[in-house]
Amino acid sequence: MKLGFAASLVHKWLALVVMLPILFWVASGLFFAINPIERVRSEHRLAAAAPVAVDTTTVLAPSALTLPQPPTKLTLQQGLGGPQYVAEFGEGVRPVLIDAMSGRQLSPLNSDAASAAALAALNVTLPVQRVDYVIAASPEYRGLLPAWRVAFVDEEGLAVYVSADTGQVTARRSNLWRLYDALWAFHIMDFRDHENFNNALLIVSAAMALIMSVAGIILLPYRLRLPQRR
């Protein structure tokens, strides 16, 4: 009976401590299971991207481009205004977007160009509510910086992030995504960055939940013991 009594105490008092974390884990996990990640990422709002061939005979050769230093990667892509080069450099040097026809540098993009790029990535036409210049990472966005945050008048609270240096759409955020992210913070118990699931609070809470479960298993035979026959 000593083992059963100890298991009962451990199970009871640890349950009082970890009942809220367990509630958050189960409720948030159910939310994650119900909502497809594709919808959370607003992939249903994306325009169908048809492949566009770039006529390399009409663009400037890479050797004719004026660049601050030799690039580590040079990509030729089809942009809104025609073919473009994206030149990437070493760490600490921002990428450069160049008009492949004229060699004119297009980056950093202004708010109008960023809004046009954001709209072109969507399968619907929405009015722009506001455009913000983002220079620091946040729980909502950790992509390429600096970036433009183009928020639309939309029932889903859609906002599209566009890299100011490459003109590429780097993220889409909606009210569903924000709720998902908030629940994820509770799920992994990282309330600052929302991405560290190796934090001490989660480890301690999970360890206590494990001990509580083991104590419950030990206690189970004592709770299910049948009445002895007289």
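About the thresholds
Residues numbered from 1 in each chain as written. Predicted model: local features only at pLDDT ≥ 70, side-chain atom pairs only at ≥ 80, totals over all residues. Heavy atoms only, no water. Helix = DSSP H or I, 4+ residues; strand = E, 2+ residues; numbered from the N terminus. Rg over C-alpha atoms; globule rule 2.2 N^0.38 Å. Contact = heavy atoms within 4.5 Å. Areas by Shrake-Rupley, 256 points an atom, 1.4 Å probe, with all protein chains shown as cover. Lys, Arg positive; Asp, Glu negative; His and termini not counted. Charge placed at Lys NZ, Arg CZ, Asp CG, Glu CD. Expected span 1.5 Å × (residues − 1). Pairing = 2+ DSSP bridges. Axes fitted to C-alpha atoms, helices over the stretch in contact; angles between N-to-C directions.

Peer 1: Give a detailed account of the overall build of the protein, specifying residues and quantitative values.
Peer 2: Of the regular secondary structure elements, the protein holds 5 helices and 7 strands. Walking the protein from its N terminus toward its C terminus, one meets helices and strands in the order α-α-β-β-β-α-β-β-β-β-α-α. At 27 Å, the protein has a C-alpha radius of gyration far larger than the 17 Å of a compact globule built from 230 residues. Of the contacts formed within the protein by residues at least 6 apart in sequence, a portion of 49% connects residues at least 24 apart. Of the roughly 14,200 Å² of accessible surface on the protein, a fraction of 62% belongs to carbon and sulfur atoms. Looking at charge distribution, the protein has the averaged site of its 19 positive side-chain charges lying 20 Å from that of its 17 negative ones.

Peer 1: A description of helix α4 (residues 175–188) should follow, citing residues and the corresponding values.
Peer 2: The first and last C-alpha atoms of α4 sit 20 Å apart over 14 residues, in line with the 20 Å expected at 1.5 Å per residue. Immediately beyond the C-terminal end of α4, within one or two residues, lies Met189, with a positive phi of roughly 60 degrees.

Peer 1: Got a sec to walk through the sheet that holds strand β2 (residues 82–88)? Specific residues and values, please.
Peer 2: Whenever strands of a sheet pair, they do so through backbone hydrogen bonds, lying parallel or antiparallel. With respect to topology, 3 strands assemble into an open sheet ordered β1-β2-β3, the strand pairing being antiparallel. Both edges of this open sheet fall to β1 (73–79) and β3 (96–99), since each of them pairs with a single strand only. Adjacent strand axes in the sheet meet at a mean angle of 25 degrees when their direction is disregarded. Looking at chain direction, β1 and β2 are connected through 7 bridges and run antiparallel. Residue pairing across strands places Leu76 opposite Tyr85, the latter belonging to β2.

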